[in-house]
Amino acid sequence: MKKVAVIFNGGTISMKVDEKIKAAVPSLSGEDIMAMVTGIQGHAEIENHTFSNLPSPHMTPKLMLELSNLVQELLNREDISGVVITHGTDTLEETAYFLDLTLKTDKPVVVTGAMRSSDELGYDGPFNLATSICTAISSSAKNRGVLVCFNGELHSAREVTKENSMALNAFSTPNFGPIGIVDNNKVIFYRNSPESIHMKIEDVKKDVALIKCAAGMDSSFIDFAIDKGYDGIVIEALGRGNVPPSMVSGIKCAIERNIPVIIVSRCFEGRVFESYGYEGGGKNIRNFGAIFGDMLAGQKARIKLIIAINYTDNITDIREMFENGIYDDNICE
Ligand code: ASP
């Protein structure tokens, strides 16, 4: 029988409503949660590990790196077929993407959690954990990067986002939909995951600001980020990757100081491109050095830039990590 390491790392899946506070707080151990995944011992041997009991708003990139090192250690063991990690749903996509970028493995790695705490009607933790374990022992889940398993759906960590603050199917993949499902314990993939890149990181010393654009905004927040000493800036720009004209001076100022500025879109779907040449248009800001982040959501572009700048301050290399040749030509092939 295949062995799966399950790493417990807090979130609603490990919470109960506290009588006094009248709201959910971390309370269950890994063993308490596993006891509710009835019948799983007929499918896989489980090895429990506890990383933390944190709600996911308490996760940090430093903790993500520690978690990545622990997962890598387990994956390096021959007797472990795959790893499942529980996580609060709020920042789950950020940790899953961090793991995807930093782990080196062909074994399945699955991140899951719950939208209902253990004493609410309809607690979804045991089902999500069971389907994640089925995925971790499935040979079809090998070589697909880190997966997120929720509500019987499988998403690639590179694409998934939390799109609903309360529904059981809180996670979705914009543009494309899930890459697979778990149906009757069987793992079925309908398409391939996007290509992965592997990034190195040894320590998290540098930080990245994330700034969302809105009509009429100026450079104040960018100037603040520069003054505060942020080492990189991600801008969730408008539409195809455009910013209000009064943000242009801030972007220029950051680039002059060798601070990488990544442009992604505040739109839920689609990618950024240099379609517009007016002041603040995508073409205009890319011409003086802004880097385009394709379809990444702002919070994920931030994770990628944190990993990038903690490894190198070479802007050409960082541009390559984000643009990866996809903005080079404009030719129909
Ligand atoms: N606020 C919780 C957390 O992210 C939500 C959840 O786990 O579903 O830890």
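Residues numbered from 1 in each chain as written. Predicted model: local features only at pLDDT ≥ 70, side-chain atom pairs only at ≥ 80, totals over all residues. Heavy atoms only, no water.

**Examining the overall build of the protein**
Here's step 1: When helices and strands are tallied, the protein shows 9 helices and 16 strands.
Here's step 2: Taking 20 Å as the expected radius of gyration for a compact globule of 333 residues, we find that the protein reaches 21 Å, a close match to that expectation.
Here's step 3: With respect to the principal axes defined by its C-alpha atoms, the protein has extents near 60 × 55 × 35 Å.
Here's step 4: The 333 residues of the protein split such that 53% are buried.
Here's step 5: Intrachain contacts of the protein at a sequence separation of at least 6 include 74% that bridge at least 24 residues.
Here's step 6: Within the structure as shown, the protein displays about 15,100 Å² of accessible surface, and the carbon and sulfur contribution to it stands at 48%.
Here's step 7: When the 32 positive and 43 negative side-chain charges of the protein are each reduced to one mean point, those points stand 1 Å apart. (Helix = DSSP H or I, 4+ residues; strand = E, 2+ residues; numbered from the N terminus. Rg over C-alpha atoms; globule rule 2.2 N^0.38 Å. Buried < 20%, exposed > 50% of the residue type's maximum accessible area, 1.4 Å probe, protein only. Contact = heavy atoms within 4.5 Å. Areas by Shrake-Rupley, 256 points an atom, 1.4 Å probe, with all protein chains shown as cover. Lys, Arg positive; Asp, Glu negative; His and termini not counted. Charge placed at Lys NZ, Arg CZ, Asp CG, Glu CD.)

**Details of the site of the ligand**
Here's step 1: Around the ligand, a shell composed of Gly11, Thr12, Met15, Pro55, Ser56, Pro57, Gly88, Thr89, Asp90 and Ala114 is seen.
Here's step 2: For the ligand, the accessible surface in isolation is 260 Å², of which the surrounding protein chains cover 85%.
Here's step 3: Class assignment for the residues of the shell around the ligand results in 4 nonpolar, 5 polar and 1 charged. (Near = heavy atom within 4 Å. Nonpolar A, V, L, I, M, F, W, Y, C, P; charged D, E, K, R; others polar.)

**Overview of the sheet that holds strand S16 (residues 291–292)**
Here's step 1: Here we have 4 strands laid out as an open sheet, ordered S13-S14-S15-S16, and parallel in their pairing. Among the strands making up the open sheet, the edge pair consists of strand S13 (208–212) and S16.
Here's step 2: In terms of strand pairing, S13 meets strand S14 (residues 232–237) through 5 bridges, oriented parallel. Following the sheet pairing, Ile211 is matched in S14 by Ile235. (Pairing = 2+ DSSP bridges.)

That is the geometry; function is a separate question.
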